[in-house]
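A structural walkthrough
Here is how the chains run, residue by residue.
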Amino acid sequence: MRIAVPRERAPRESRVALVPESVAKLIKSGSSVTVEHDAGLAAGFPDTQYTTAGATIAADFAATVSGADLVCQVQPPESHEVAAIPQGGAIVGYWQPGGAPEVLTALGARGVRMVALERVPRITRAQSMDVLSSQATVAGYKAVLLGASALPKMLPMLTTAAGTLAPAKVFVIGAGVAGLQAIATAKRLGAVVSGFDVRVAAQEQIQSLGATPLKIDLGGDAEGGGGYAKAQSDDQARLTQEGIAKHIAGVDLVITTAAIPGKRAPILITENAVRGMKTGSVIVDLAAETGGNCEFTKAGETVDVGGVQVIGPLGLASTAPFHASQMLSRNILTFITHVTKDNALNLDASDEITGAMLVKPEVTR
Ligand SMILES: NC(=O)c1ccc[n+]([C@@H]2O[C@H](COP(=O)([O-])OP(=O)(O)OC[C@H]3O[C@@H](n4cnc5c(N)ncnc54)[C@H](O)[C@@H]3O)[C@@H](O)[C@H]2O)c1
């Protein structure tokens, strides 16, 4: 099987789809791999590491994908690049909801089969190919660092000759993969951490990381299928907003990650709640890409609300591109192994995992 790894061109994208370690494994199992010049450089993987792994380096996009059975690229290709991708070939990428629909349509029309990594089913068998989890891990970690840098305080309690400094209070909303990583990171930095999730099971996980769960009586569990949260009723949403507003009045840094699959992120931090926070407090809204958990969030911007900064970061996983690429690459390698039969690509739509990740023609219309 011939595998191609183009250089990413999208703004803010520093990751690479396959790192040299995975390339070496693919070559050992009988594939050939062509990597575009400098494809891994921004993530810390120079061309020399790819050649040592056995890859061929190509000068540009067209030369990289020429003759490829499978193109591995984090972001969708640019429109003008589609014609270079071999007809009947396949492309695997991290397509983000609603990302580049015209490119997907053009790829579909060309007969290129598309695999969207973010559609990985959240089942145990697919865990090692779960890009949502691997990239959320980086985002949760980075969100805390971002918030800590924006705070006018340090996070840990310090006893110094100049007196004792009280630790900062960090509150994490949404205890999924990103939220739990944010809790763990804030704890490591010495903050006093609390967390909240509408799923009852999450309370134990928050506690196991040494944080205090915020309890708001919502009259039942909000856990739906596959461990995901269900959307709340209007009453539950109001109670949640009120409980959060009360709690964050005494918090320095809020990291918010709450999401409902396929829906706009729920508004959990209202205008009044932000106005009730202390001057100098910071909110980092990881749900910015899907509308935000805070009424003031603007994706890709920092909004100052009377001395409270509301940060809506985009593409946080790409800001730690070495480890983000390493995990992404291992996810993709596991997927490639899953869809390889007799050293050829076998994208079987009836397979539970592959079928869920294949982009169907109606989605590209
Ligand atoms: N392969 C697997 O089996 C697998 C992999 C990853 C995650 N999961 C499970 O999927 C679930 C979701 O994980 P995720 O990280 O993808 O979540 P996510 O990114 O979809 O959402 C983040 C968190 O926000 C919470 N949330 C939603 N609405 C909220 C609200 N109004 N207030 C507070 N919190 C709210 C959710 O419960 C979730 O924990 C978890 O149970 C996790 O264990 C399973």
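Described below are features of the structure shown in this document. (Residues numbered from 1 in each chain as written. Predicted model: local features only at pLDDT ≥ 70, side-chain atom pairs only at ≥ 80, totals over all residues.)

Here's the deal with unusual backbone geometry
Inclusion rule: By definition, any uninterrupted DSSP run of H or I lasting at least four residues is a helix, any uninterrupted run of E lasting at least two residues is a strand, and each is numbered from the N terminus.
Backbone geometry at Arg 12 places phi at a positive 65°, although glycine is not the residue there. Mapping Arg 12 onto the fold places it in the loop between β1 (2-5) and α1 (20-28). Unusually for a residue other than glycine, Asp 342 sits at a positive phi of about 50°. One can find Asp 342 in the loop between β16 (340-341) and β17 (344-345).

Things to note about the site of the ligand
In plain terms, the rule: Here is the check we use: build the C-beta atom from the backbone, and if it is within 6 Å of the molecule or strand, call the residue near. Each residue gets one label: Ala, Val, Leu, Ile, Met, Phe, Trp, Tyr, Cys and Pro are nonpolar, Asp, Glu, Lys and Arg are charged, and the others, such as Gly, are polar.
Looking at the ligand, there are 33 residues lining it, with Gly 174, Gly 176, Gly 227, Ala 229 and Ala 258 nearest. Among the elements of the structure, α5 (131-150) and α6 (177-188) are those that each provide at least two residues to the shell around the ligand. Classifying every residue of the shell around the ligand gives 19 nonpolar, ten polar and four charged.

Considering the pairing of strand β2 (residues 32-36)
Just so we agree on the cut-off: Exposed residues have 12 or fewer other C-beta atoms within 10 Å of their own C-beta, buried residues have 20 or more, and residues in between are partly exposed; the C-beta atoms are placed from the backbone. Strands are treated as partners if at least two bridges between them are detected by DSSP. By definition, the crossover connecting two strands over a helix is right-handed if that path, from the first strand to the second, turns clockwise as seen with the strands pointing away from the viewer.
Burial runs high along β2: four of the five residues are buried. By the bridge criterion, four bridges tie β1 to β2 in an arrangement that is parallel. Of the residues in β2, the one forming a bridge with Ile 3 is Val 33. Handedness of the crossover joining β1 and β2 through α1: right-handed.

Focus: the sheet that holds strand β4 (residues 70-72)
Rule in force here: Throughout, an axis means a line fitted to C-alpha atoms (over the contacting stretch in the case of helices), and angles, computed between N-to-C directions, take values from 0 to 180 degrees.
Pairing is parallel across the open sheet formed by six strands, whose spatial order is β3-β2-β1-β4-β5-β6. Every interior strand has two partners, whereas the edge strands, β3 (56-58) and β6 (113-116), have only one. Averaged over neighbouring strand pairs, the angle between their axes works out to 25° when direction is ignored. The pairing of β2 with β3 spans three bridges and is classified as parallel. Paired with Thr 34 across the strands is Thr 56, a residue of β3.

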